[in-house]
Amino acid sequence: MTGRGEADEARTGAGAVTYREVRGEPAAPHILYARFHRRAPHAPARGRPVPLGEESYGGLLAMLAEFSPVVEALPPDAALVDVRGARRYFGRDAIGLADLIRLRALALHGVDCTVGAAANPMLARMAAQDGPPGAVRTLADDPAEVAAFLARKPAAALHGVGPATARTLCAYGLDSVGRIAAAPPATLQRILGASTGRRIHERARGIDPTPVTPNAPARSLSAEHRFDGDELDPGRRRRALLTLADGLGSRLRTSGQTARGLALTVRYADGSTTVRARALEEPTAHTPALTAAAYALHAALGLERARVRAVALRAEDLRDADRTARQLTFDPDDDKARRAWAAVDRARARFGAAAVGPAALLDVA
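Residues numbered from 1 in each chain as written. Predicted model: local features only at pLDDT ≥ 70, side-chain atom pairs only at ≥ 80, totals over all residues. Heavy atoms only, no water.

A.B. asks: Mind showing me how you'd approach helix α1 (residues 54-65) here?
C.D. replies: In an α-helix there are 3.6 residues to a turn, and that puts residues three or four apart on one side. A rise of 1.5 Å per residue sets the reference length of α1, with its 12 residues, at 16 Å; its end C-alpha atoms lie 17 Å apart and thus fit the reference within 8%. Where α1 is concerned, the buried positions are S56, Y57, L60, L61, M63 and L64. Buried residues in α1, looked at end-on, bunch into an arc of 155°, giving them a common side. (Helix = DSSP H or I, 4+ residues; strand = E, 2+ residues; numbered from the N terminus. Expected span 1.5 Å × (residues − 1). Buried < 20%, exposed > 50% of the residue type's maximum accessible area, 1.4 Å probe, protein only. Arc of directions from axis to C-beta.)

Structure below.
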């Protein structure tokens, strides 16, 4: 995204640097994608992002709602904002509003954010991912500029294209967004199916009609594991998921809650993410059920050679356990497993969370 007319402007504030691109006469973007991140202040983790926490994330969403009522929460650390009405009210363009949002997040919550500004949600996401952390990046609503921005990006950079779909496209030589955009729509529909092929072709041309849908973050619990480097080993990723599912199950049971759904977020080395979710067969806090769902979500992504930096699980649509019905079973092993996990909870309450855990984690340093 090379600016026309003026060079990039850099300025410092509160120990951070903001890079803002100023263009000649672009069409005004009105969708902002903000991804928040907090940095660990002490060595040896200095500069590494740390989880926001649900309370902090909720406060940031409330701050965004002061700018626009059209805020779509994207847990655990991002949100979309439609600022069409806010531009006139605040007397600022989208870039000015993005600067103000970043300033307030840093001053009031101690959290920095990367903001992408564009004409639709997909381009705003991609603009944010294209810049350094703590940047405000913008993409004008100009077809030629959008095409140039997208042309050389890999197929997996398109929102909604996971690793499995990207491999399928690459097998047919469609390894860049530019080549996907140039391919006949009928070809993509034969490769990916009618609906998916049509949607991917539109997104490769920068078209995303998806509106920003105001919502409130559903009651949820989340946990994240960050690897020390690029993790290529599926076995280690599965052990990380087991640790996260074990922790979520314990937190749900001790708080008297069950989850109706589970979401998996995978963050890659280039900063992009893939999010997949599924409804559970029944509301549950049972660790084996959460683990099985996490493994299924991970396997469906087909991450054979992906460079993974972090994985996160989020238990969604929480309900009070006392008001949740459970399907009865005649399987004695299921009852034994639930009694065993109840004993695990009692042992952890007395001796600490590390007192007992899944045997599969014993070989993890």
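A.B. asks: Would you mind showing me how to read the side chain of R203 here?
C.D. replies: Looking at the secondary structure, you find R203 in helix α9 (residues 194-204). One polar contact links the side chain of R203 to the main-chain carbonyl oxygen of H159, over a distance of 2.5 Å. Leave out the neighbours within four places in its chain, and R203 touches M122, L150, L158, H159, G160, D208 and T210. (Polar contact = N/O pair within 3.5 Å; in protein donor to acceptor, adjacent residues only side chain to side chain. Contact = heavy atoms within 4.5 Å.)

A.B. asks: Sorry, what's going on with empty space enclosed by the protein here?
C.D. replies: Where empty space is left becomes clear once a probe the size of a water molecule has been rolled over the atoms. Summed over the entire model, instances satisfying the criterion amount to 1 cavity of 30 Å³ or more. What the largest cavity holds in volume is close to 40 Å³. Around the largest cavity sit P76, E224, T265, R267, A310, V311 and A312, which together line it. At the level of elements, β10 (257-268) and β12 (308-320) are the ones that each hand at least two residues to the lining of the largest cavity. A total of 3 residues in the lining of the largest cavity trace back to one element, the largest contributor, which is β12. (1 Å grid on protein atoms, 1.4 Å probe; cavity = no way out; pocket = protein on both sides within 12 Å on 5 of 7 lines; lining within 4 Å. Points joined across faces, edges and corners; volume = space filled by probe spheres on them.)

A.B. asks: What am I meant to see in the nonpolar core here?
C.D. replies: Soluble globular proteins: nonpolar side chains tend toward being buried together. If you look at the biggest cluster of nonpolar residues, it comprises 30 residues, and the most contacted ones within it are Y33, L123, L150, L158, L169, L174 and I180. The set of elements that each furnish at least two residues to this core consists of β3 (31-39), β6 (78-82), α4 (121-129), α5 (143-151), α6 (163-171), α7 (177-182), α8 (185-192) and α9. When residues of this core are assigned to their parent elements, the largest contribution, 5 residues, is made by α4. Residues within four places of L158 in sequence aside, it is in contact with M122, M126, V177, I180, I200, R203 and A204. The next biggest cluster of nonpolar side chains, apart from the first, holds 28 residues, and it includes M63, A73, V81 and I101. (Core = buried A, V, L, I, M, F, W, Y, C linked by side-chain atoms within 4.5 Å.)

A.B. asks: In this structure, what is going on with the pattern of salt bridges? I would like to understand it.
C.D. replies: Pairing of side chains with opposite charge becomes possible as their charged atoms draw close. Tallied over the full model, the rule gives 12 salt bridges. Among the salt bridges present, the one from D112 reaches R102, with a minimum N-O distance of 2.8 Å. Remark: R102 occurs in helix α3 (residues 94-109) and D112 occurs in strand β7 (residues 112-118); sequence separation between them is 10 residues. Across this residue pair, the class does not change: D112 and R102 are buried. With a shortest N-O distance of 3.1 Å, R179 and D175 are connected by a salt bridge. Look at R179 and you get partly exposed, because its relative accessible area is 48%. Each of the salt bridges in this network shares a partner with another, and the network as a whole consists of D230, R307 and R309. (Salt bridge = Lys/Arg side-chain N within 4 Å of Asp/Glu carboxyl O.)

A.B. asks: Where do I start with the sheet that holds β12 in this structure?
C.D. replies: Two modes of strand pairing occur in sheets, parallel and antiparallel, and in both the strands are linked by backbone hydrogen bonds. With antiparallel pairing, 4 strands are arranged side by side in an open sheet as β9-β12-β10-β11. Strand pairing shows two members of the sheet lacking a second neighbour, β9 (221-231) and β11 (273-284), which therefore form its edges. Taking each pair of neighbouring strands and ignoring which way they run, the sheet shows an average axis angle of 15°. Judged from the 7 bridges that link them, β9 and β12 form a sheet pairing that is antiparallel. (Pairing = 2+ DSSP bridges. Axes fitted to C-alpha atoms, helices over the stretch in contact; angles between N-to-C directions.)

A.B. asks: So what exactly am I meant to see when it comes to the pairing of β6 here?
C.D. replies: Strand residues, when the strand is regular, have side chains that alternate between the two faces of the sheet. Taking burial as the measure, the 5 residues of β6 include 5 buried ones, the bulk of the element. Of the two faces of β6, both are covered, the one formed by A78, L80 and D82 as well as the one formed by A79 and V81. Relative to β6, strand β5 (residues 71-74) is paired through 4 bridges, and the arrangement is antiparallel. Of the residues in β6, the one forming a bridge with V71 is V81. Counted between consecutive antiparallel strands, the loop separating β5 from β6 contains 3 residues.

A.B. asks: Hey, could you run me through the packing of α8 against α9 in this one?
C.D. replies: Two packed helices can be described by the angle between their axes and the distance between those axes. Running from amino to carboxyl end, α8 crosses α9 at an angle of 135°, the nearest separation of the two axes being 7 Å. The orientation of α8 relative to α9 falls into the category oblique. In the crossing of α8 with α9, the sense of the turn from one axis to the other is right-handed. In this structure, α8 uses P185, L188, Q189 and L192 to contact α9, whose residues at the interface are A194, T196, G197, R198, I200 and H201. For the contact of α8 with α9, the class distribution of residues is 5 nonpolar, 4 polar and 1 charged. (Parallel < 35°, antiparallel > 145°, perpendicular 65-115°, else oblique. Left-handed = near helix turned anticlockwise from the far one by under 90°. Nonpolar A, V, L, I, M, F, W, Y, C, P; charged D, E, K, R; others polar.)

A.B. asks: Even after reading the chapter, I still don't get the environment of I31, so can you show me in this structure?
C.D. replies: With respect to the element layout, I31 can be found in strand β3. Take I31: its relative accessible area is 3%, and that puts it in the buried class. Placed 86 residues apart in sequence, I31 and A117 show a C-alpha to C-alpha distance of 5.6 Å. If we ignore the near neighbours within four places in the chain, the residues touching I31 are L80, V81, D82, G116, A117, A118, A119, N120, P121, A124 and V212.

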